[in-house]
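# Notes for the structure review
As a plain string of letters, each chain reads:
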Amino acid sequence: LDILIVVSSNIELLMDAAGAGEGNNGISQLRIMRILRVTRVIRIVRVTRIIRFIRALRTLVNQIVFTIKSLVWALLLLCLVIFLFGIAFTQYVTTYHIELKEDGALIEQWSAPLTAYWGS
């Protein structure tokens, strides 16, 4: 579309240059109207291109919004799994700590970190 406009403008300039010796001094009203018509057509074509891209963008945004619900549920499930494994691990370490105390085999180098991180 742009090349068509450039070519038609160049042809028009060449015709004006060829007709300059004949006494054609100014821009005719017809030429001004033609230029205005071409610019209006260009605007309409650009708007239709933008509308086409806006439809695609709107579709993408709608799909992203619809997938956010699934994403929230997946993140909630992930947090729940991490929380449950944390509880299970803490329970296991606490039980292990109590068993070592009862057996008298608790090593002091393990006692402080176990109490600091998983003690209650």
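Residues numbered from 1 in each chain as written. Predicted model: local features only at pLDDT ≥ 70, side-chain atom pairs only at ≥ 80, totals over all residues. Heavy atoms only, no water.

The next thing to look at is the overall build of the chain. In terms of regular secondary structure, the chain is built from 3 helices and 0 strands. Across the chain, helices and strands are ordered from the amino to the carboxyl terminus as α-α-α. Within the chain, buried positions represent 8% of all 120 residues. Summed over all atoms, the accessible surface of the chain reaches about 10,700 Å², with 70% contributed by carbon and sulfur. (Helix = DSSP H or I, 4+ residues; strand = E, 2+ residues; numbered from the N terminus. Buried < 20%, exposed > 50% of the residue type's maximum accessible area, 1.4 Å probe, protein only. Areas by Shrake-Rupley, 256 points an atom, 1.4 Å probe, with all protein chains shown as cover.)

Turning our eyes to something else, we now look at a nonpolar patch on the surface. There is a patch of nonpolar side chains on the surface, built from Leu 77, Leu 80, Val 81, Phe 83, Leu 84, Phe 85 and Ile 87 and spanning about 710 Å² of accessible area. The residue Leu 77 is located in helix H2 (residues 29-103) in this model. On the basis of relative accessibility, which here comes to 54%, the residue Leu 77 falls in the exposed class. (Patch = residues over 30% accessible without salt bridge, like charges linked within 9 Å, V, L, I, M, F, W, Y side chains within 5 Å. Salt bridge = Lys/Arg side-chain N within 4 Å of Asp/Glu carboxyl O.)

Our next topic: the confidence of the model for the chain. Mean pLDDT for the chain: 75, with 69% of residues reaching 70 or above. Mean pLDDT per element in the chain: helix H1 (residues 2-19) is the minimum at 68, and H2 is the maximum at 81. (pLDDT = per-residue confidence, 0-100.)

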